[in-house]
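Spelled out, the chains give:
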Amino acid sequence: MTAQAFDRFSGVYRMSVTIFTMTHKKFPTPGDPIYVPLQVGRAGSEDLGYIGDDTGVSISEKNCYYGELTGVYWVWKNIKTTGYVGVCHYRRYFCTEEGRILTGRDYEEILSAYDIITSKKLKLNFTYYEGYAGDYNIHDLEAVGEVIRQFYPAYHETFERLVHSKGTYFGNMIVCKKEIYDAYSEWLFGIFEKAEEKIDASGYDDYHKRVYGFISEFLLYVWTQVQGLKVCECKVGMTDEKRETAEIKERLAAFFLQKDIAGAKAYMLACLEKRPDVLMEASDITGELKMSMQVIAVSELERQAYGSGTIDRIQEFGSLMAHFRKLNDLIQTWKERENEMSPSEVEFYLKKEKITGIALEASARLFYPAQEAAEIAEALAACLG
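Summary of the structure given here. In this convention, every chain numbers its residues from 1, walking through the sequence in written order. Only residues with pLDDT of at least 70 get local features here, since the model is predicted, and only at 80 or more are side-chain atom pairs given and counted; chain-wide, interface and lining totals rely on the full set of residues. The side-chain quantities take in all heavy atoms of the structure and omit both hydrogens and water.

Things to note about the environment of Ile-101
No. 1: Counting from the N terminus, the helices are DSSP H or I runs at least four residues long and the strands are E runs at least two residues long. Here Ile-101 is to be found in the loop between strand E5 (92-95) and helix H3 (104-111).
No. 2: Exposure remark for Ile-101: the relative accessible area of 25% places this residue in the partly exposed category.
No. 3: When the C-alpha atoms of Ile-101 and Asp-32 are compared, they prove to be 9.6 Å apart, with 69 residues separating the residues in sequence. Per-residue accessibility, obtained with a 1.4 Å probe over protein chains only, is compared with the maximum for each type, and a residue is labelled buried under 20%, exposed over 50%, and partly exposed between these values.

Describing the pairing of strand E2 (residues 35-39)
The side chains of a regular strand alternate, residue by residue, between the two faces of the sheet.
No. 1: By the criterion of burial, E2 is predominantly enclosed, with five of the five residues buried.
No. 2: Residues Tyr-35, Pro-37 and Gln-39 of E2 are buried on one face, and the alternating residues Val-36 and Leu-38, pointing to the opposite face, are buried as well.
No. 3: Two strands pair when backbone bridges link them, and strand E1 (residues 17-23) and E2 are joined in this way by five bridges, in the parallel orientation. The residue of E2 that forms the bridge with Met-22 is Leu-38.
No. 4: Any two strands are treated as partners once DSSP identifies two or more bridges connecting them. Inspection of the sheet shows E2 paired to strand E3 (residues 51-52) by two bridges, in the parallel sense. Bridging from a neighbouring strand, Gln-39 pairs with Gly-52 of E3.

Examining the pairing of strand E9 (residues 174-177)
No. 1: Here strand E4 (residues 84-89) runs beside E9; their pairing, made up of four bridges, is antiparallel. Each bridged residue has a counterpart across the sheet, and for Gly-86 the counterpart in E9 is Val-175.
No. 2: Relative to E9, strand E6 (residues 116-119) runs antiparallel, the two sharing three bridges. Bridging across to E9, Ile-116 finds its partner in Cys-176.

Examining helix H5 (residues 138-151)
No. 1: Helix span, expected: 1.5 Å multiplied by one less than the number of residues in the helix. Compared with the 20 Å implied by 1.5 Å per residue over 14 residues, the 20 Å span of H5 between its first and last C-alpha is a close match.
No. 2: Buried within H5 are the following residues: Asp-140, Leu-141, Ala-143, Val-144, Gly-145, Val-147 and Ile-148.
No. 3: Every residue pair with non-hydrogen atoms within 4.5 Å of one another is taken to be in contact. On its buried face, H5 sits against helix H4 (128-135), helix H6 (156-163), helix H7 (178-195) and helix H8 (211-227).
No. 4: We define a polar contact as two N or O atoms separated by no more than 3.5 Å, with the added condition that, inside protein, one atom must be a possible hydrogen donor and the other a possible acceptor, whereas residues neighbouring each other in sequence contribute only through side-chain atom pairs. A side-chain oxygen of the first residue of H5 lies 3.0 Å from the backbone nitrogen of His-139; this N-cap is Asn-137.

Take a look at the structure:
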């Protein structure tokens, strides 16, 4: 497959597939020419040297409310092609089940059988409506629903049904024919243009301001269902960790080295207040922030009950993560393979690692309801006699 260089003036790509990689920072590109960096929110920001979403027809200045959607909009309005286009993120790409980033040939093969590629549907533990109400201002979602009811009635029944179901797409990542991309964009931004009259996010913090970016993930699910498109739900892989996530882990590691659980707890709560998304899978790709909260909770309870805890034996961040990862694996393995694990095997691990009853139950509660978690912890503790 051959590619022709991007023409900044005509906005034309001659590739059969072009994936625009949304970014707000410098990043190592995959190296495949089908991936083209696009700086989003460049209006008023430092020019990173990439194509920017503030040229041509643009809503770059709305980036604080729209997130990567300002790039989605730019591609819709400024890229003229009869081929396939798509959007991904600077550290989040469609990939094979083995984790290899998709190539142009991969996309061509998939799109010969499907209308559109997007993320695997998330299976929620609650309805989308309940989840949104728990994390954001539910008025905003309801306002979008009202716009759909008034101006896009053919989508309203599906919106209502799915908003009270337990699934959604995520990441605002799609690849499809440009004509499909344009049809989706016209529908999506038409809804948001009208919703802006009903939504005032100006007083929200920087995270919660991204109202339209959040809701659009769900609206893609609604749109593909109504359109009856053949959707390839593709695995999404992460190339690296957010710098913000790494910085939080570095600060927590410093607290742990000082055995300062109170300081670590206060710092983590402050982070969650400012950025409640840091514990989401897309941010905490290693799960180590969640385990850090487990370290804090367990150590705090152990000190209250016993006068000392895990943090008084282990302070190095990597060692703490390895310890709690083993503990969590033990809990899950015990539950899944109870008949295959002898009491002596479990006893050896528990004694060797000096696992307390508090740590056992706290770990079990991560995976099972309270009563079941208590029973699992009691059964494991019984192995110690």
